[in-house]
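# Fold and contact review
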Amino acid sequence: MPLTMYTTTWCGFCKNLKRQLARAGVEITEVDIELDPEAATFVETVNGGNQTVPTLRFSDGSTMVNPSAKQVQARLAELESTASQG
């Protein structure tokens, strides 16, 4: 499962993070929660009922809310290292 970023079109934090991750070569699958009710529900379940974006879901199912690009890259490195040990 790729890295998924839940966003809205008007979210400035989403646009900045997307740009920073692209610059770092991190591929994401973007899902607009205003167009996808199931995605909106997922975001609510991991944010105490709030539609907080950007919310990122990693390949192991873990999530981060409004992280920095460095935090995302660190988590991806952790997951890669865990996968290579398994």
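Use the structure listed above.
This report concerns the structure included in the present document. Since this is a predicted model, take the numbers as computed values, not measurements.

Let us now look at the overall build of the protein. Summing up its helical and strand segments, the protein has three helices and four strands in all. Taken from N to C terminus, the helices and strands of the protein fall in the order β-α-β-α-β-β-α. Its C-alpha atoms give the protein a radius of gyration of 13 Å, near enough to 12 Å, the size a compact globule of 86 residues would have. Here the protein, with 86 residues, has 34% of them falling under the buried criterion.

In this section: the pairing of strand β2 (residues 29–32). Within a regular beta strand, the side chains point alternately toward one face of the sheet and then the other, so they alternate between its two faces. In this sheet, β2 lies alongside strand β1 (residues 4–7) in parallel orientation, the contact comprising four bridges. In the sheet register, T4 faces β2, and the bridge partner there is T29. Handedness of the crossover is the feature at issue here: the chain leaves β1, passes through helix α1 (residues 12–23), returns alongside β2, and the resulting connection is right-handed.

The full count for this structure, using the stated rule, is one disulfide. Here C11 is linked by a disulfide to C14, with a sulfur-sulfur distance of 2.4 Å. Between C11 and C14, the S-S dihedral sits near 85°, and the bridge is therefore right-handed. The same class applies to C11 and to C14, which are both buried.

According to the stated counting rule, one finds one aromatic pair in the structure shown. Between Y6 and F42 the ring centres are 5.3 Å apart and the planes differ by 40°, which places this aromatic pair in the tilted class. Here Y6, found in strand β1, pairs with F42, found in helix α2 (residues 37–46); they are 36 residues apart in sequence, far enough to count as distant. The positively charged end of R57 is found above the aromatic ring belonging to F42, 4.4 Å away from the centroid.

Definitions and cut-offs
Residues numbered from 1 in each chain as written. Predicted model: local features only at pLDDT ≥ 70, side-chain atom pairs only at ≥ 80, totals over all residues. Heavy atoms only, no water. Helix = DSSP H or I, 4+ residues; strand = E, 2+ residues; numbered from the N terminus. Rg over C-alpha atoms; globule rule 2.2 N^0.38 Å. Buried < 20%, exposed > 50% of the residue type's maximum accessible area, 1.4 Å probe, protein only. Pairing = 2+ DSSP bridges. Right-handed = clockwise from strand over helix to strand, strands pointing away. Disulfide = S-S within 2.5 Å. Phe/Tyr/Trp six-rings, centres within 6.5 Å; stacked < 30°, edge-to-face > 60°. Lys NZ or Arg CZ within 6 Å of the ring centre and 35° of its normal.

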